[in-house]
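# Structural features, examined
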Amino acid sequence: MAMPSGLRKVALTAHVASSVGWLGSLAAFLALAIAGLTGEDAQRVRGAYLAMEVTGWYVIVPLAFASLLTGLVQSLGTPWGLLRHYWVLAKLALTVVASFLLLLHMQVVDQVADAAVRTSLSGSDLGGMRVQLVFDAAAAAAVLLTTTALSIYKPRGITRYGWRVQQEQRAGLAGVATMDAAAPAQA
């Protein structure tokens, strides 16, 4: 089922905006994670971790789920389909996994932000968690850049289901062409 052109453009705009927003807010999160890990000023470190918590819950998480939802709408309402092309399936899988891991990651963010509120984080306090915040954000950026590349390059490869649908459409078009060719003979 194809969406009307106007609706398709609105859905595409929403998907691109939420996806780009997710990537951009993740870049800011990564910068804050690096500042928190390497910073020497206790107030600046505390501020970085508190900002990460707010950015994570109020910007990144909503954008991640908006990107997932709008991507589903796009795939179901356009000829690309959800299950027809491997690149669409790969984007879906990466987005679902990234969204799930984001929710797990936010637990670490909450713990570090809570510690920043209660104490003055020194270089060794929660060191493993603070490094994990940088690593996870960098890995997430790589995943989101991969989904972006898949959207742009649309690598070849059609699933079995996609092949079947394609054959059915061709058979339907051939049937219509045969009917059209026979129509003048009946007139």
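Residues numbered from 1 in each chain as written. Predicted model: local features only at pLDDT ≥ 70, side-chain atom pairs only at ≥ 80, totals over all residues. Heavy atoms only, no water.

## Describing the overall build of the protein
The criterion, for reference: Every helix listed is a DSSP run of H or I at least four residues long, and every strand listed is a run of E at least two residues long, numbered separately from the N terminus. Radius of gyration: C-alpha atoms only; globule rule: 2.2 Å multiplied by the number of residues to the exponent 0.38. Any pair of residues with heavy atoms lying within 4.5 Å of one another is described as a contacting pair. Using a 1.4 Å probe, the Shrake-Rupley method yields the accessible areas, and only the shown protein chains count as cover for residues. The positive count covers Lys and Arg only, the negative count covers Asp and Glu only, and His and the chain ends enter neither. Working definition for charges: the position is that of NZ of Lys, CZ of Arg, CG of Asp or CD of Glu.
What the protein contains, in helices and strands, is five helices and zero strands. Traced from its N-terminal end to its C-terminal end, the protein shows the element sequence α-α-α-α-α. For the protein, the C-alpha radius of gyration of 23 Å lies well beyond 16 Å, the compact-globule estimate for 187 residues. Viewed in the frame of its principal axes, the protein has a C-alpha envelope of about 90 × 30 × 20 Å. For the protein, the share of sequence-separated contacts (at least 6 apart) that also reach a separation of at least 24 residues comes to 76%. For the protein, the exposed area adds up to about 11,100 Å²; of that, 69% sits on carbon and sulfur atoms. Across the protein, the centroid of the 13 positively charged side chains sits 16 Å from that of the 9 negatively charged ones.

## Observations concerning the packing of aromatic side chains
Note the threshold: Centre distance within 6.5 Å is the pairing criterion for rings of Phe, Tyr and Trp, where only the six-membered ring of Trp is used; planes under 30 degrees apart are then read as stacked, over 60 as edge-to-face, and the remainder as tilted. Throughout this description, buried means an accessible area under 20% of the type-specific maximum (1.4 Å probe, protein chains only), exposed means over 50%, and partly exposed covers the range between.
Summed over the entire model, instances satisfying the criterion amount to one aromatic pair. Centroid distance Trp80 to Trp87: 5.2 Å. Interplanar angle 75°. Geometry classified as edge-to-face. We classify Trp87 as buried; its relative accessible area is 8%.

## What to know about a nonpolar patch on the surface
As a reminder, the rule being used: Only residues whose relative accessible area exceeds 30% and that take part in no salt bridge are eligible for patches, with like-charged residues grouped when within 9 Å of each other and nonpolar side chains (Val, Leu, Ile, Met, Phe, Trp, Tyr) grouped when within 5 Å. Salt bridges are defined as contacts in which a side-chain nitrogen from Lys or Arg sits within 4 Å of a carboxyl oxygen from Asp or Glu.
A cluster of nonpolar side chains, namely Val54, Trp57, Tyr58, Val59, Phe65 and Leu103, defines an oily patch on the protein surface of about 550 Å² accessible area. Considering the arrangement of structural elements, one finds Trp57 in helix α2 (residues 42-77).

## Concerning the nonpolar core
Applied cut-off: Here, nonpolar core refers to any group of buried Ala, Val, Leu, Ile, Met, Phe, Trp, Tyr and Cys residues whose side-chain atoms link them within 4.5 Å.
Core analysis: the biggest nonpolar cluster contains 24 residues, and Tyr49, Met52, Leu121 and Leu133 have the highest contact counts within it. Elements with a minimum of two residues in this core: α1 (5-38), α2, α3 (86-118) and α4 (127-153). Sorting elements by how many residues they give to this core places α3 first, with eight residues. Sequence-distant contacts of Tyr49, that is, excluding residues within four places in its chain, are made with Ala33, Gly36, Leu37, Val112, Ala113, Ala116, Leu121, Arg130 and Leu133.

## A short note on the packing of α3 against α4
The test is simple: Simply put, an axis is a line fit to the C-alpha atoms, just over the touching stretch for a helix, and the angle between two N-to-C directions goes from 0 to 180 degrees. Orientation is classified from the angle alone, with under 35 degrees giving roughly parallel, over 145 giving roughly antiparallel, 65 to 115 giving roughly perpendicular, and any other angle giving oblique. Should the near helix be turned anticlockwise from the far one by less than a right angle, the crossing is termed left-handed; should it be turned clockwise, right-handed. Residue classes follow a fixed rule: Ala, Val, Leu, Ile, Met, Phe, Trp, Tyr, Cys and Pro count as nonpolar, while Asp, Glu, Lys and Arg count as charged, and any other residue, Gly among them, counts as polar.
In the contact formed by α3 and α4, the axes pass within 10 Å of each other and the chain directions differ by 160°. Between α3 and α4, the angle is such that the two are roughly antiparallel. Classified by chirality, the crossing of α4 by α3 is left-handed. Each of Trp87, Ala90, Lys91, Leu94, Thr95, Ala98, His105, Val108, Val109, Gln111 and Val112 in α3 lies in contact with α4, whose residues at this interface are Met129, Arg130, Gln132, Leu133, Asp136, Val143, Thr146, Thr147, Leu150 and Ser151. Of the residues belonging to the contact of α3 with α4, the class tally is 11 nonpolar, seven polar and three charged.

## Quick look at unusual backbone geometry
One non-glycine residue with positive phi stands out, namely Lys154, at about 45°. Here Lys154 is to be found in the loop between α4 and α5 (160-186).

## What to know about α2
We apply this condition: Residue count minus one, scaled by 1.5 Å, sets the expected span of a helix. One axis fitted to the seven residues ending at a residue, another fitted to the seven starting there: the angle between these axes is the bend at that residue.
For α2, spanning 36 residues, the distance from its first C-alpha to its last is 50 Å, which sits close to the expected 52 Å at 1.5 Å a residue. A maximum bend of about 45° is found in α2 at Gly56.

## A word on the packing of α1 against α4
Two numbers describe how α1 lies on α4: the axes approach to 9 Å, and their chain directions differ by 155°. Considered as vectors, α1 and α4 are oriented roughly antiparallel to each other. Relative to α4, α1 is oriented so that their crossing is left-handed. Residues Trp22, Leu23, Leu26, Phe29, Leu30, Ala33, Ile34, Gly36 and Leu37 of α1 form the contact with α4, whose own contacting residues are Arg130, Val131, Leu133, Val134, Ala137, Ala138, Ala140, Ala141, Leu144 and Leu145. Among the residues making up the contact of α1 with α4, the classes are represented as 17 nonpolar, one polar and one charged.

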